[in-house]
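Read off the chains here:
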Amino acid sequence: MNRHFQPSAFGASSTRDIRRRIKSVKNTRQITKAMELVAASKMKKAQQLAVAGHPYAALLCDMLAALSHRVERLEHPFFAARPVKTRGILLITTDRGLCGPLNSNLLRVVTEIQEPTKYVCIGRKGTQFLGRTKRDLVADFTVSDKTPFAEIRPAAEYLIKLFLDGEVDTVEVLFSYYRNTLVQVPLLLPLLPLVNLEESIERVRKQKGAGESAVKRDDREMLFEPDAAIVFEALLPLFLNREIYQCVLDAKASEHSARMVAMKTAKDNASKLLDSLTLEYNKARQAGITAEILEISASQMAQSA
Amino acid sequence: MPLLLEIVTPEGRVYSDTVDTVVLPTAQGEIGILPGHLPVLTQLEAGELRVQKGNTQESLACGRGFAEIAGDKVSVLAEQAINIAAIDESAVENAVRRAEEALKEKQTLAPDEVERLEGVMRFAYAQLDLKRRRRG
């Protein structure tokens, strides 16, 4: 095809350039399309995982609710609110980029925090940011895409230990809350001290749709074995672990849906660019042909004259 | 009036059915639950959970956890639970071996790590014990 075009105003060099660009845009479109599909399937898995944990959370809340008004709980260190000197924040970001404004939204919240704060990180992006801005990063954990409970546990237990040792005076989680596929908002969720357990329980229940209480309630006095305080103490760390696990699941679902949306936009943009480039290419080609005909007919006229 | 038995783990609801009786391995020994039981909230040890339903009996191995009995509903909250038929003996044996090896360096491990591994072992042994008894 190349030989049809003679060097002229819309000559071979410009059409060749356009064709090169078309090729590269096509490649980009293919890559973004593949990434979109991958993110979509991962998102579905992350959502399923988040939903699968709901019965566990609901049951845990039921048990805690049954216990909470039976136990003198002010003695437990989880409930001791101290004057806040150092905040403890678990920052959950993504490992990889290309997921729209997800991480920058989270990190903006971090820059607005002025008080002395110790950070624990899940996700490479957050670790890099904290390192760059010289913030106090005390530990970072990695979590694979499958997000098994066992991978979150060390992080959760480490945070609780920091709190109990008095290294930090609060435990908060900063993550992207998954509202729906299009909307993810950065959320700073306070976990410790448990100032208001009932409120936390209520919040979890609301998230789960609270359709569980349809079962006939039993109003007889409940027995606790070995005894209420022991059971309560054993349940509390489970509750916290579970809360942190839910945050990580939410963050994962947010990540994948944000990436899917970002990649879809990129794919659409590539398609649009491709359309206008193709139009430009055709115009240039047509101009080349017109110029050629003009030249031929001009030389013909010159000969016959 | 049958009982409703529900077993949930962090990864999802693993068992939900109406049954006649349940035997739970609690921290203070096994307790049998019949319909109309008093409301109880109890700690569970890793072990065997037996279910009687009509003429059939089922066994499940479960890890440490809690059980709530309220209004003819038995809810079990455990880190793991598995039906006897689904136990893969060689996989469990491998898990035991790995945990044992890790526990050999007990001094170098953090105490909560030791506790976690011991939990793994307890659950694994409960599974093996059940599987073998069922066969023998």
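Cut-offs used in this document
- Residues numbered from 1 in each chain as written.
- Chains lettered and ligands numbered in written order.
- Predicted model: local features only at pLDDT ≥ 70, side-chain atom pairs only at ≥ 80, totals over all residues.
- Heavy atoms only, no water.
- Buried < 20%, exposed > 50% of the residue type's maximum accessible area, 1.4 Å probe, protein only.
- Helix = DSSP H or I, 4+ residues; strand = E, 2+ residues; numbered from the N terminus.
- Arc of directions from axis to C-beta.
- Contact = heavy atoms within 4.5 Å.
- Domains from an automatic or database assignment.
- Buried area = accessible area lost by both parts, 1.4 Å probe.
- Salt bridge = Lys/Arg side-chain N within 4 Å of Asp/Glu carboxyl O.
- Polar contact = N/O pair within 3.5 Å; in protein donor to acceptor, adjacent residues only side chain to side chain.
- Nonpolar A, V, L, I, M, F, W, Y, C, P; charged D, E, K, R; others polar.
- Pairing = 2+ DSSP bridges.
- Phe/Tyr/Trp six-rings, centres within 6.5 Å; stacked < 30°, edge-to-face > 60°.
- Lys NZ or Arg CZ within 6 Å of the ring centre and 35° of its normal.
- 1 Å grid on protein atoms, 1.4 Å probe; cavity = no way out; pocket = protein on both sides within 12 Å on 5 of 7 lines; lining within 4 Å.
- Points joined across faces, edges and corners; volume = space filled by probe spheres on them.

## Notes on helix α3 (residues 102-111) of chain A
Residue and element names in this part refer to chain A.
Then, in step 1: Restricting attention to buried positions, one finds in α3 the residues Leu102, Asn103, Leu106, Leu107 and Val110. When α3 is viewed along its axis, its buried side chains cluster within an angular range of 115 degrees and face the same direction.
Then, in step 2: Buried residues in α3 make contact with β1 (87-92), β2 (117-122), α4 (124-132), β4 (170-178), β5 (184-192) and α7 (228-304).

## A few points about the domain arrangement of chain B
Residue and element names in this part refer to chain B.
Then, in step 1: For chain B, the assigned domains read domain 1 (3-84) and domain 2 (88-135).
Then, in step 2: In this assembly, 14 residues from domain 1 lie in contact with nine residues from domain 2.
Then, in step 3: Roughly 960 Å² is buried in total at the junction of domain 1 and domain 2, and carbon and sulfur atoms are behind 63% of that figure.
Then, in step 4: Between the two partners, domain 1 and domain 2, sit zero salt bridges.
Then, in step 5: Our count for the contact surface shared by domain 1 and domain 2 stands at zero residue pairs in polar contact (both at pLDDT 80 or more).

## Some details on the interface of chain A and chain B
Then, in step 1: With 31 residues of chain A at the interface, the matching set in chain B holds 29 residues.
Then, in step 2: Roughly 2800 Å² of surface becomes buried between chain A and chain B when both sides are summed, with 63% attributable to carbon and sulfur atoms.
Then, in step 3: There are zero salt bridges connecting chain A and chain B.
Then, in step 4: There are two residue pairs in polar contact (both at pLDDT 80 or more) connecting chain A and chain B.
Then, in step 5: Elements supplying a minimum of two residues to the side of chain A that touches chain B: α2 (54-68), α5 (149-164), β6 (223-225) and α7 of chain A.
Then, in step 6: At eight residues, the largest contribution of residues to the side of chain A that touches chain B is made by α2(A).
Then, in step 7: Class assignment for the residues of the side of chain A that touches chain B results in 21 nonpolar, one polar and nine charged.
Then, in step 8: Here β6(A) pairs with strand β5 (residues 40-44) of chain B via three bridges, running parallel. Its bridge partner being in β5(B), A:Glu225 is matched across the sheet by B:Thr42.

## Observations regarding the pattern of salt bridges
It is possible for side chains bearing opposite charge to pair when their charged atoms get close.
Residues and elements named next belong to chain B.
Then, in step 1: Scanning the model with the defined rule gives 18 salt bridges over all chains in all.
Then, in step 2: Where arginine 64 meets glutamate 45, a salt bridge forms, and the shortest distance between an N and an O atom there is 3.4 Å. Taken as a pair, arginine 64 in the loop between β7 (56-62) and β8 (65-70) and glutamate 45 in the loop between β5 and β6 (47-53) lie far apart in primary sequence, 19 residues in all.

## Section: the environment of A:Gln47
Then, in step 1: Secondary-structure assignment places A:Gln47 in helix α1 (residues 12-52).
Then, in step 2: Note: C-alpha distance between A:Gln47 and A:Ala253 (206 residues apart in sequence) is 5.9 Å.

## Considering the packing of aromatic side chains
Any pair of aromatic rings gets described here by the distance separating the centres and the angle formed by the planes.
Then, in step 1: One pass over the structure, following the stated rule, counts two aromatic pairs over all chains.
Then, in step 2: Here the basic side chain of A:Arg82 rests over the ring of A:Phe163, its NZ or CZ set 4.6 Å away from the ring centre.

## Digging into the layout of surface pockets
Then, in step 1: Considering only enclosed or pocket space, the largest pocket measures out at about 1400 Å³ in volume.
Then, in step 2: Surrounding the largest pocket, 42 residues form its lining, A:Arg153, A:Glu157, B:Glu79, B:Glu115 and B:Arg116 being those nearest its centre.
Then, in step 3: Of all the secondary structure elements, the ones that give two or more residues to the lining of the largest pocket are α5 and α7 of chain A together with β5, β8, β9 (73-78) and α2 (111-135) of chain B.
Then, in step 4: Looking at the lining of the largest pocket element by element, the count peaks at 10 residues for α5(A).
Then, in step 5: In the lining of the largest pocket, the residues fall into 21 nonpolar, seven polar and 14 charged.

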